[in-house]
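# Coordinate inspection notes
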Amino acid sequence: MTSAQRRPRGRPSQPVLTAERITEAAVRLVEARGHDALTVAALARELGVAPSALYNHVSTKNEVLRRVQDHVNREVDCSAFGRLPWDEALAAWARSYREVYARHVPLVPVIAVTPVRGAPHTLAMYERVAAGLRAGGWPEHLLVDAVVAVESFVLGSALDTQAPPDIFEPGEHAGSAPTFAAAVRARGGGDAAGAAFELGLGALVAGLRAVLAAADGAGAPDPRGS
């Protein structure tokens, strides 16, 4: 081996593994093969390293999932809070949230099951939303429920963006569901998933305005029931 071929001494100028590289590989793996395919062994193969090398940076699958969640949630825009009325800001946040996860649909199950502990960008997003709602008059005990209601709708709507155009076509059974079949025909073309999302978002925000109005009333009961 010549001197030009010898391995340079000292540590490499850049580490083989970084938090960003690990997270990006985990995102690729989940999007290509699904949530259940993400294991430390599979991630190590994706990165081309030994599992033992990966364990120097992450200890569990849940830690990787938190990083994935945080990485993607950085894309969600919640800047309207503090700038617009709470209901307009909430709608703007919901649209951005859906747009992000429509691009990352396989990651929806990650968001649904991963705790936010240890995910600073995700926590910053929730803090911005909660502070905006609180400033808009929402009582503290309803803040999380309001966020979860919107988030559940948004993530379901993100999944709906992947539905085939003929998902509701009844085919040869149209005669057994004439009202529904006629409604499907009347729906027309275009961005059906987007239209359904806007309809649902408008109804959800209107409902939340009503909940806040009721909560503002003197002695109003908790709308969740008790």
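Residues numbered from 1 in each chain as written. Predicted model: local features only at pLDDT ≥ 70, side-chain atom pairs only at ≥ 80, totals over all residues. Heavy atoms only, no water.

## Digging into the overall build of the protein
Secondary structure assignment for the protein yields 10 helices and 0 strands. The helix and strand sequence of the protein, counted from the amino end, reads α-α-α-α-α-α-α-α-α-α. Sequence separation of at least 24 residues holds for 71% of the intrachain contacts in the protein that already meet a minimum separation of 6. (Helix = DSSP H or I, 4+ residues; strand = E, 2+ residues; numbered from the N terminus. Contact = heavy atoms within 4.5 Å.)

## Here we look at the side chain of T114
Relative to the elements of secondary structure, T114 occurs in the loop between helix 6 (108–113) and helix 7 (120–135). Overall, the relative accessible area of 9% leaves T114 in the buried class. There is a polar contact of 2.6 Å between the side chain of T114 and the backbone oxygen of V110. Beyond its immediate stretch of four places on either side in the chain, T114 contacts L65, R66 and Q69. (Buried < 20%, exposed > 50% of the residue type's maximum accessible area, 1.4 Å probe, protein only. Polar contact = N/O pair within 3.5 Å; in protein donor to acceptor, adjacent residues only side chain to side chain.)

## Some remarks on helix 5 (residues 86–103)
For helix 5, built from 18 residues, the straight-helix expectation of 26 Å at 1.5 Å per residue is met to within 8% by its first-to-last C-alpha distance of 26 Å. Three or more residues of helix 5 are buried, namely W86, D87, A89, L90, A91, W93, A94, S96, Y97, R98, V100 and Y101. Those residues of helix 5 that are buried are in contact with helix 4 (61–73), helix 6, helix 7, helix 8 (143–160) and helix 10 (192–216). (Expected span 1.5 Å × (residues − 1).)

## Section: the environment of N56
Tracing the chain through its elements places N56 in the loop between helix 3 (51–54) and helix 4. By relative accessible area, which is 65% here, N56 ends up exposed.

## Here's the deal with the nonpolar core
Grouped together as the largest cluster of nonpolar side chains are 55 residues, with contacts concentrated most on W93, Y97, Y101 and L133. When residues of this core are traced back to their parent elements, those giving at least two are helix 1 (19–33), helix 2 (40–47), helix 4, helix 5, helix 6, helix 7, helix 8 and helix 10. Sort the elements by how many residues they give to this core and helix 5 lands first, with 9 residues. The contacts of Y101, once residues within four sequence positions are left out, are Q69, V72, N73, L107, V108, I111, L155 and A158. (Core = buried A, V, L, I, M, F, W, Y, C linked by side-chain atoms within 4.5 Å.)

## A closer look at the side chain of E63
Relative to the helices and strands, E63 is located in helix 4. Discounting residues that sit within four places of it in the chain, E63 has contacts with H57 and V58.

## Some details on the environment of H104
Considering the arrangement of structural elements, one finds H104 in the loop between helix 5 and helix 6. Sequence separation of H104 and V30 is 74 residues, and the distance between their C-alpha atoms is 9.5 Å. Ignoring sequence-local partners within four residues, the contact set of H104 consists of E31, V72 and E75. A distance of 2.5 Å separates the side chain of H104 from the side chain of E31, its partner in a polar contact.

## Structural notes on the packing of aromatic side chains
Applying the stated criterion across every chain, the model contains 5 aromatic pairs. Between the aromatic rings of W86 and W138, the centroid separation amounts to 5.5 Å while the plane-to-plane angle is 85 degrees, which identifies the pairing as edge-to-face. Linking W86 in helix 5 with W138 in the loop between helix 7 and helix 8, this pair joins segments that are 52 residues apart in sequence. Grouping residues by exposure puts W86 and W138 together as buried. Ring centres of F168 and F180 lie 5.8 Å apart, and the angle between their planes is 85 degrees; on these two criteria the pair is classed as edge-to-face. You can see F168 sitting in the loop between helix 8 and helix 9 (178–187) and its partner F180 sitting in helix 9, a full 12 residues away along the chain. Here the aromatic cluster, defined as three or more aromatic residues joined through ring pairs, consists of W93, Y97 and Y101. Over the ring of F197 we find R98, and its NZ or CZ is 4.6 Å from the ring centre. (Phe/Tyr/Trp six-rings, centres within 6.5 Å; stacked < 30°, edge-to-face > 60°. Lys NZ or Arg CZ within 6 Å of the ring centre and 35° of its normal.)

## Looking at the layout of surface pockets
The volume enclosed by the largest pocket comes to roughly 310 Å³. Lining the largest pocket are 16 residues, and of these P164, P165, I167, R187 and A192 lie nearest its centre. When contributions to the lining of the largest pocket are tallied by element, the ones reaching two or more residues are helix 9 and helix 10. Split by residue class, the lining of the largest pocket holds 8 nonpolar, 4 polar and 4 charged. Within this model, the second largest pocket holds a volume of roughly 200 Å³. V116, Y126, V147, V148 and E151 are the residues nearest the centre of the second largest pocket, which is lined by 14 residues in total. For the lining of the second largest pocket, the secondary-structure elements that each account for two or more residues are helix 6, helix 7 and helix 8. Its residues assigned to classes, the lining of the second largest pocket comprises 11 nonpolar, 2 polar and 1 charged. (1 Å grid on protein atoms, 1.4 Å probe; cavity = no way out; pocket = protein on both sides within 12 Å on 5 of 7 lines; lining within 4 Å. Points joined across faces, edges and corners; volume = space filled by probe spheres on them. Nonpolar A, V, L, I, M, F, W, Y, C, P; charged D, E, K, R; others polar.)

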